Amino acid sequence: MIYRALTANRLDDGRVVYLTHQGSWTEWLNEAALAGDDDRAEAILARGQAEAAAARVVEPYLIEVVEGDGLVAPLRYREAIRARGPSVRLDLGKQAGAN
Amino acid sequence: MYRYDEFDHAFVQERVTQFSDQVRRRLSGELTEEQFKPLRLMNGLYLQLHAYMLRVAIPYGTLSARQLRKLAHIARRYDKGYGHFTTRQNIQYNWPKLEETPAILRMQLPLVWMACISTSASSRRISGVSSSFGQLYWMFWRVVKWP
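Not measured: the values here are computed from a predicted model. (Residues numbered from 1 in each chain as written. Chains lettered and ligands numbered in written order. Predicted model: local features only at pLDDT ≥ 70, side-chain atom pairs only at ≥ 80, totals over all residues. Heavy atoms only, no water.)

Asker: Sorry if this is basic, but what is going on with the pairing of strand β5 (residues 71-74) of chain A here?
Answerer: If a strand is regular, its side chains alternate between the two faces of the sheet. Residue and element names in this part refer to chain A. Side chains V72 and P74 project from β5 onto a buried face, and the interleaved L71 and A73 project onto a face without burial. Sheet topology note: the strand β4 (residues 57-68)/β5 ladder contains four bridges and is antiparallel. By the bridge assignment, E67 is partnered in β5 with V72. (Buried < 20%, exposed > 50% of the residue type's maximum accessible area, 1.4 Å probe, protein only. Helix = DSSP H or I, 4+ residues; strand = E, 2+ residues; numbered from the N terminus. Pairing = 2+ DSSP bridges.)

Next up, the structure:
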């Protein structure tokens, strides 16, 4: 099944973040709130836009993901790169856990 | 070695003061991203795939040892300990924090006569110019500030 998650860039440091069920922002896609239908997707998008208006994130938008074995993966390659971190210098990006 | 004069220094300081206030207003929500985006681009600050990116101009592609040490200091203090020298004769920092960029522009780069003004592709700049005399004359009038 294809779900939708909300992503944005955090305003103060520009890092990629995802909206959680609690309404907070996480850097890890596995912790993101997943919307299984249009109503839920619209709800999390509205929440993200309110967060943008409150100057916490920049340009929130929905992405399509799939879930399996407890892991969440984006369908688009661009979003996979955003979720994993830079595809070069793995020692410096999100993969290194050094944020 | 290129070195900007007192006029350039004053101009840069004025621009950085403006940018500092713009960053403050963006962080407080007074400015939307739509309003802020052209302003940060004019000061060499991009929002890219993973984080902000700050582009510092290297005039004529030359650096003194003192300038290089300052760029290294900026990388260690405000970034992840490295910078990216590019084919556009600049250095790019890939992980700056928005609220710290005014400090980089105001308190660090001017000490070594460097700046980020108009380093974005969306702002007016000249790079690798090779053209007719007529075009050069037109470009000269566009970029020179007259009293």
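Asker: Can you help me understand the interface of chain A and chain B in this one?
Answerer: When the parts of a complex come together, some accessible area is lost, and that lost area is often taken as the interface size. Counting residues at the interface gives 21 residues for chain A, matched by 18 residues for chain B. A per-residue breakdown of the area chain A buries against chain B is headed by L11, R15 and L92 of chain A, which together make up 32% of the total. Across the chain A-chain B interface, the total number found is zero salt bridges. Linking chain A with chain B are two residue pairs in polar contact (both at pLDDT 80 or more), by the criterion used here. Mapped by element, the contributors of at least two residues to the side of chain A that touches chain B are β1 (2-10), β4 and α2 (77-84) of chain A. In the side of chain A that touches chain B, the residues fall into nine nonpolar, five polar and seven charged. (Contact = heavy atoms within 4.5 Å. Buried area = accessible area lost by both parts, 1.4 Å probe. Salt bridge = Lys/Arg side-chain N within 4 Å of Asp/Glu carboxyl O. Polar contact = N/O pair within 3.5 Å; in protein donor to acceptor, adjacent residues only side chain to side chain. Nonpolar A, V, L, I, M, F, W, Y, C, P; charged D, E, K, R; others polar.)

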